[in-house]
Amino acid sequence: MPHLPPEWLHHLPVLTSFRLGSCDRSGQPQVCRALAADALPDGRMLVLLAERAAPRVVAALRETGQAALLMTSPRTNRTLHVKGRDARVEPGLPEHAALLAHCHRRLAVEIAEVDGFGSAAPVVANWYRVDLCEMVAVRFSISGAWDQTPGPHAGQPVALLPA
């Protein structure tokens with residue numbers, strides 16, 4: 001299974017803002033704010049989100065298995081876009097709590113560092129106010145990845161490493 005190269009794996013901890021999208025069988029796109037994301041040791045992506053905040057995205061993922069994840073640093077605009085075609089939606093697990101807490105802390109710090117957003121802490125805290133039983137974990141293999149960081153290399157494919 002293809003996986004991200006080391007230079008992108010190194011950047012994942014600072015990519016703290018997440019958007020997850022999918023489309024239903026009719027091709028209708030759906031998108032939501034995800035709460036956390038990381039690369040798993042086997043190369044697949046793990047994305048955590050509150051199902052109550054994204055029922056259409058979760059339904060589309062279950063229907064088609066198609067996933068598009070955008071991971072961004074609000075402070076630097078460094079952005080990675082990954083796609084997969086085999087997404088599976090599973091219940092959130094107790095072991096996901098540490099990743100959720102890490103991503104919450106990192107996003108709060110990044111948002112505070114962006115001019116004009118110093119008072120966003122209550123908004124960020126509200127996004128992460130989710131019980132584990134309300135959270136779902138989405139796992140998918142990476143079928144493609146692109147560097148979407150603004151600048152001359154925006155849109156360039158990321159060379160995935162073979163399985």
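Right, let's walk through the structure included here. This structure is a prediction, so every number in the text was calculated from the model and none was measured. (Residues numbered from 1 in each chain as written. Predicted model: local features only at pLDDT ≥ 70, side-chain atom pairs only at ≥ 80, totals over all residues. Heavy atoms only, no water.)

Here's the deal with the packing of aromatic side chains
Going through the model one piece at a time under the given rule, you end up with 0 aromatic pairs. The side chain of Arg 78 reaches across the aromatic face of Trp 8, ending 4.2 Å from its centre. (Phe/Tyr/Trp six-rings, centres within 6.5 Å; stacked < 30°, edge-to-face > 60°. Lys NZ or Arg CZ within 6 Å of the ring centre and 35° of its normal.)

Details of the nonpolar core
Within soluble globular proteins, side chains that are nonpolar tend to cluster in buried spots. Residues Leu 20, Leu 49, Leu 69, Met 71, Leu 80 and Val 82 are the most contacted members of the largest nonpolar core, which totals 47 residues. Here this core gets 6 residues from one element, more than from any other, and that element is strand S4 (residues 45-50). Apart from the residues within four sequence positions on either side, Leu 20 is in contact with Gln 30, Val 31, Cys 32, Ala 34, Val 47, Leu 49, Val 57, Leu 61, Ala 67, Ala 68, Leu 69 and Val 138. (Core = buried A, V, L, I, M, F, W, Y, C linked by side-chain atoms within 4.5 Å. Buried < 20%, exposed > 50% of the residue type's maximum accessible area, 1.4 Å probe, protein only. Helix = DSSP H or I, 4+ residues; strand = E, 2+ residues; numbered from the N terminus. Contact = heavy atoms within 4.5 Å.)

Focus: the pattern of salt bridges
Scanning the model with the defined rule gives 7 salt bridges in all. Put simply, Arg 75 and Glu 113 hold a salt bridge, and the shortest N to O gap is 2.7 Å. Of this pair, Arg 75 sits in the loop between strand S5 (67-72) and strand S6 (79-84) while Glu 113 sits in helix H3 (residues 97-113); the two residues are 38 residues apart in sequence, bridging distant segments of the chain. Among the charged side chains, a network of salt bridges with common partners joins Arg 75, Arg 106, Glu 110 and Glu 113. (Salt bridge = Lys/Arg side-chain N within 4 Å of Asp/Glu carboxyl O.)

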